[in-house]
Amino acid sequence: MEEDDLNLRYLNYIEQLFAAEDSALQETFNAMRTNGLPEINISASQGKLLQVLALAIGAKRILEIGTLGGYSTIWLARALPPDGKIISLEVDPHHAKVARENLDNAGLSNYVEIRVGPGLDSIATLVKEKTDSFDLLFIDADKDNYSNYLSQAFPLVRKGGLILADNTLRRSNLDDSPPSGTGQYNQTVAAREDLVSIVVPALRRRGMDGLTISFKR
Ligand SMILES: C[S@@+](CC[C@H](N)C(=O)[O-])C[C@H]1O[C@@H](n2cnc3c(N)ncnc32)[C@H](O)[C@@H]1O
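Below: a short report on this structure. (Residues numbered from 1 in each chain as written. Predicted model: local features only at pLDDT ≥ 70, side-chain atom pairs only at ≥ 80, totals over all residues. Heavy atoms only, no water.)

**Examining the overall build of the chain**
Part 1 of the argument: Along the backbone of the chain there are 9 helices and 7 strands.
Part 2 of the argument: Taken over C-alpha atoms, the radius of gyration comes to 17 Å for the chain, in line with the 17 Å a tight globule of 217 residues would show.
Part 3 of the argument: Along the three orthogonal principal directions, the C-alpha set of the chain runs to about 55 × 45 × 30 Å.
Part 4 of the argument: By residue count, 49% of the 217 residues in the chain fall in the buried class.
Part 5 of the argument: A total of about 10700 Å² of accessible surface is found on the chain, and carbon and sulfur atoms cover 52% of it. (Helix = DSSP H or I, 4+ residues; strand = E, 2+ residues; numbered from the N terminus. Rg over C-alpha atoms; globule rule 2.2 N^0.38 Å. Buried < 20%, exposed > 50% of the residue type's maximum accessible area, 1.4 Å probe, protein only. Areas by Shrake-Rupley, 256 points an atom, 1.4 Å probe, with all protein chains shown as cover.)

**Some details on the pairing of strand S1 (residues 61–65)**
Part 1 of the argument: Most of S1 sits out of view: 5 of its 5 residues are buried.
Part 2 of the argument: Residues Arg61, Leu63 and Ile65 line one face of S1 and the alternating positions Ile62 and Glu64 line the opposite face, and both faces are buried.
Part 3 of the argument: Pairing of S1 with strand S2 (residues 85–90) involves 5 bridges; the strand directions are parallel. Its bridge partner being in S2, Arg61 is matched across the sheet by Lys85.
Part 4 of the argument: In this region the chain leaves S1, passes through helix H4 (residues 71–77) and returns to the parallel neighbour S2; the handedness of that crossover is right-handed.
Part 5 of the argument: In this structure, S1 lies alongside strand S4 (residues 134–139), joined through 4 bridges in parallel fashion. (Pairing = 2+ DSSP bridges. Right-handed = clockwise from strand over helix to strand, strands pointing away.)

**Looking at the pattern of salt bridges**
Part 1 of the argument: Evaluation of the coordinates by the stated rule reveals 15 salt bridges.
Part 2 of the argument: The residue Arg78 makes a salt bridge to Asp22 at a minimum N-O spacing of 2.7 Å. Here the residue Arg78 occupies a position in the loop between H4 and S2, and Asp22 occupies one in the loop between helix H1 (3–18) and helix H2 (23–34), the gap between them amounting to 56 residues.
Part 3 of the argument: Residue class for Arg78 comes out partly exposed when judged on its relative accessible area of 31%.
Part 4 of the argument: Measuring nitrogen to oxygen at the nearest pair gives 3.0 Å for the salt bridge that ties Lys97 to Glu101. Of the two residues, Lys97 and Glu101 are both situated in helix H5 (residues 93–105); the distance of 4 residues between them amounts to about one turn of the helix.
Part 5 of the argument: Take Glu101: its relative accessible area is 39%, and that puts it in the partly exposed class.
Part 6 of the argument: Beyond isolated ion pairs, a larger network of salt bridges with shared partners links Lys85, Glu113, Arg115 and Glu129. (Salt bridge = Lys/Arg side-chain N within 4 Å of Asp/Glu carboxyl O.)

**Digging into the pairing of strand S7 (residues 207–216)**
Part 1 of the argument: Burial analysis of S7 places 7 of its 10 residues in the buried class, the great majority of the element.
Part 2 of the argument: Judged from the 10 bridges that link them, strand S6 (residues 195–204) and S7 form a sheet pairing that is antiparallel. Bridged to Ser197 within S7 is Ser214.
Part 3 of the argument: Connecting S6 to the antiparallel partner S7 that follows it, the hairpin turn spans 2 residues.

And the structure:
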């Protein structure tokens, strides 16, 4: 059997057993398609992984960079206690509008605030506002800014919190010299003594990718 076919069987196995989508997640995906959003959301199995990680640290406040249609936001919001909150940052107003409708449809609007604008500007505003710290930061926006998101949002994450970054295991991570985008990000978090990090490979229908998980000491 071809390796790709076997990987697809593994993926189906994981998703059917551990990460079945309910109607709100399926409708979110369909609404993204209907509204012309790119299909670059995380997979269901990654959504479940984010959820397990958020639950494991008792996350009450989550900062997400890169909302798209709200697919990952739904997985994360479902890990929150009733008084929990996600602030999700999105540069594209059309994506933000579709995401708000999807979150409303999923009954999660009360948990989520979407801020529209370049992520770095929105983080600067959060710092200025002296926002409460976050338990979990999820970076999933423009890849060239990953290291900037890390340095700017790092002070907002509590000690004992998690910093997660998507799309961090790609061919470019092996081949680019000097490393760019996510390769640079992986090198940075791997070298920092105030973080304990690992990149976890993730099977996807589009092929292999990865999620970098960092624990803030
Ligand atoms: C990979 S998608 C996010 C997927 C989403 N987290 C999910 O899994 O459902 C990346 C998103 O980041 C947004 N984005 C790109 N550059 C950005 C920036 N500078 N600031 C904020 N958002 C940005 C894009 O518009 C896009 O919606």
